[in-house]
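Working through the structure, step by step
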Amino acid sequence: GTLKMWGSSTSKHRGTIDPKALPREQQKALLEKVHTALSETKFYDWKRLRNDSMDVMNCHIFLQPSSGIIPTEPSTAFLKLEGMVQMHYQGSGYWVPLAIFLSGDYPARPPIMLVKPTKDLGIVPNHQRVDTDGKVYLQYLNQWEKRKSNCVDMIIELASHFTEKPFIFAIPPRPAAQPSPPPPPAAQPPSQYTQSAHYSQSAQYAQDPP
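The rules we used
Residues numbered from 1 in each chain as written. Predicted model: local features only at pLDDT ≥ 70, side-chain atom pairs only at ≥ 80, totals over all residues. Heavy atoms only, no water. Helix = DSSP H or I, 4+ residues; strand = E, 2+ residues; numbered from the N terminus. Buried < 20%, exposed > 50% of the residue type's maximum accessible area, 1.4 Å probe, protein only. Contact = heavy atoms within 4.5 Å. Polar contact = N/O pair within 3.5 Å; in protein donor to acceptor, adjacent residues only side chain to side chain. Pairing = 2+ DSSP bridges. Axes fitted to C-alpha atoms, helices over the stretch in contact; angles between N-to-C directions. Left-handed = near helix turned anticlockwise from the far one by under 90°. Nonpolar A, V, L, I, M, F, W, Y, C, P; charged D, E, K, R; others polar.

A few points about the overall build of the protein chain
Helices and strands together make up the secondary structure of the protein chain, namely 5 helices and 6 strands. The order of helices and strands in the protein chain, counted from the N terminus, is α-α-β-β-β-β-β-α-α-β-α. Out of the 210 residues belonging to the protein chain, those deemed buried represent 40%. Partitioning the intrachain contacts of the protein chain with sequence separation of at least 6 by distance along the chain shows that 57% fall at a separation of at least 24.

Given below as structure tokens:
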């Protein structure tokens, strides 16, 4: 069917949160707070994780860091980068809601990336790159190399798939409930003239001989 989009990034964002960028120094300070919150996590390479996170937030300024978990690994704490990322389709830019989860084993372990549609966005069924739960599948992730792979290039590949075939669409708003029609007017009693005419006619029929 025809893809129903939800407003370009150059217009007012219909149905999505209005993204707000953080200054780079504020992002860095917030990232350090997340590091402190994840103090029980043993990081494979915190410096690399921090630098890669700052790089991707510098490219996509509406991503914000926090700690988080994913349903399939509830006992694992992740560094989460979540927010709106601009992608393009047919010459227009669109905000795509993403969450990137980086484990303590990063970059030895590749990121987990989820598309997180807002209430008025849906995931395209049977999409090759995004399943119904929003999990992203990319060749880039399958071929992840810890020394040179990074989140910036990962998003570039995801955006290229969006350009070819978007994986989210706008859910049409439900039509407003129509008010119930007013009840039909009550039957009016016959007028006095009608009653009199009916009575006179009936009396005449009663008086006529068979």
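Description of the environment of K135
Here K135 shows up in the loop between β5 (121-123) and α3 (139-142). Setting aside anything within four residues of it in sequence, one finds K135 in contact with I112, M113, L114, R129 and V130.

Some remarks on the side chain of K80
Structurally, K80 is set in strand β2 (residues 73-89). According to the relative accessible area criterion, K80 is buried, its value standing at 14%. Side chain to side chain, K80 and E82 meet in a polar contact 3.1 Å long. Those residues in contact with K80, other than ones at most four positions away along the chain, are Q64, P65, S66, S67, G68, I100 and F101.

Description of the sheet that holds strand β1 (residues 64-70)
A sheet is described by the order of its strands in space; here 4 strands give the open sequence β1-β2-β3-β4, paired in antiparallel fashion. For this open sheet the edge positions go to β1 and β4 (112-115), each flanked by a neighbour on one side alone. For this sheet the average axis-to-axis angle between neighbouring strands, irrespective of direction, equals 35 degrees. Together, β1, β2 and β3 (92-102) form the strand contacts of helix α2 (residues 46-59), whose direction differs from that of β2 by roughly 25 degrees.

Remarks on unusual backbone geometry
The peptide bond linking Y106 to P107 adopts the cis configuration, its omega dihedral lying at 5 degrees. By the element assignment, P107 lies in the loop between β3 and β4. At Q90, a residue that is not glycine, the phi angle is positive and equals roughly 50 degrees. With respect to the helices, strands and loops of the structure, Q90 is situated in the loop between β2 and β3. The residue N126 is not glycine, and still its phi comes out positive at about 60 degrees. Accessibility expressed as a relative area gives 76% for N126, which makes it exposed.

Describing the packing of helix α1 (residues 24-37) against α2
Where α1 contacts α2, the axes come no closer than 11 Å and their chain directions differ by 145 degrees. The handedness of the crossing between α1 and α2 is right-handed. Contact residues: α1 offers R24, Q27, K28, L31, E32 and H35, while α2 offers W46, R50, S53, M54, M57 and N58. Split into classes, the residues belonging to the contact of α1 with α2 amount to 4 nonpolar, 4 polar and 4 charged.

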